[in-house]
Amino acid sequence: AISAWSQPCLWSVTAGVVRERPRKRPVAAQSIAAMSELAMDARITALEQRLKTATADYDESLDTIWMLVCAMLVFFMHAGFSLLEAGCVRFKNTQNILAKNLIVVTLGFLCWYVIGYPLALGTIEDPTNMAGFTNFVMDGFWDSKSLFRVWFFQGCFCATGGTIVSGAMAERTKLRGFATYTVLMTSIIYPVVIWWGWSGGGWLAY
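The structure contained in this document is the topic of the report that follows. The shown structure was predicted, so the numbers you read here are calculated from the model rather than taken from an experiment.

Further remarks concern the nonpolar core. Grouped burial of nonpolar side chains is what soluble globular proteins tend to show. Trp112, Tyr117, Trp151 and Tyr190 are the most contacted members of the largest nonpolar core, which totals 22 residues. Sorting the residues of this core by element identifies α1 (27-75), α3 (94-121), α4 (146-168) and α5 (175-197) as the ones contributing at least two each. The greatest single-element share of this core, amounting to six residues, is contributed by α3. Discounting residues that sit within four places of it in the chain, Trp112 has contacts with Tyr117, Pro118, Ala120, Trp151, Gln154, Gly155, Cys158, Thr186, Tyr190 and Pro191.

As structure tokens, then:
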């Protein structure tokens, strides 16, 4: 005999042995369970996507902060060089050497903006061994916003390269000659060398 507590299950007696027959779930219950599983899978997928997006944004923020901190440290080398060079020249040439450092920062970054960066790191479909040739005046930067931080970081090094040489030219050149040198340094000399070694497509990278 089957006791009352086992009534919800279906039982069968075969050869004197009591066996349980699996009870079929109603169609409505199966549909609800399937929908619940699909909803759960959708929620898990959405959470995973949000986690990936948050992780990418976090990494991007850390990269930007780190590059900006490093760039500002390099940028403030101009202040240090100005004090050093002002103390190494005669009093009458102090104003001249400070003006040279100011020219490097302003004119140097302007040249880097127009033609320096494109020659140094402007990616092209068929790169050459000598120089790049894209992203003039920040063209295409909004397509990849990480280019802004790279532009500023590399521009600080470019301008600092001109400032280092200004110390060797102190009291030896006129302001006009130093301005000409700054244009050549930040527009052609430094960018081309950067393409050769740091871009990955220059002849020094092979």
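Our focus in this paragraph is the side chain of Ser82. Examined against the element boundaries, Ser82 turns out to sit in helix α2 (residues 77-88). Leaving out residues up to four positions away in the same chain, Ser82 has contacts with Leu98 and Asn101.

Once that is clear, we can look at the packing of α3 against α4. Their axes nearest at 8 Å, the elements α3 and α4 cross at an angle of 135°. In terms of orientation, α3 lies oblique with respect to α4. For the element pair α3 and α4, the recorded crossing hand is right-handed. Contacts between α3 and α4 involve Ile97, Asn101, Val104, Phe109, Trp112, Tyr113, Tyr117 and Leu121 on the former and, on the latter, Leu147, Val150, Trp151, Phe152, Gln154, Gly155, Cys156, Cys158, Ala159, Gly162, Thr163 and Ser166. Residues of the contact of α3 with α4, tallied by class, amount to 14 nonpolar, six polar and no charged.

Criteria and cut-off values
- Residues numbered from 1 in each chain as written.
- Predicted model: local features only at pLDDT ≥ 70, side-chain atom pairs only at ≥ 80, totals over all residues.
- Heavy atoms only, no water.
- Core = buried A, V, L, I, M, F, W, Y, C linked by side-chain atoms within 4.5 Å.
- Buried < 20%, exposed > 50% of the residue type's maximum accessible area, 1.4 Å probe, protein only.
- Helix = DSSP H or I, 4+ residues; strand = E, 2+ residues; numbered from the N terminus.
- Contact = heavy atoms within 4.5 Å.
- Axes fitted to C-alpha atoms, helices over the stretch in contact; angles between N-to-C directions.
- Parallel < 35°, antiparallel > 145°, perpendicular 65-115°, else oblique.
- Left-handed = near helix turned anticlockwise from the far one by under 90°.
- Nonpolar A, V, L, I, M, F, W, Y, C, P; charged D, E, K, R; others polar.

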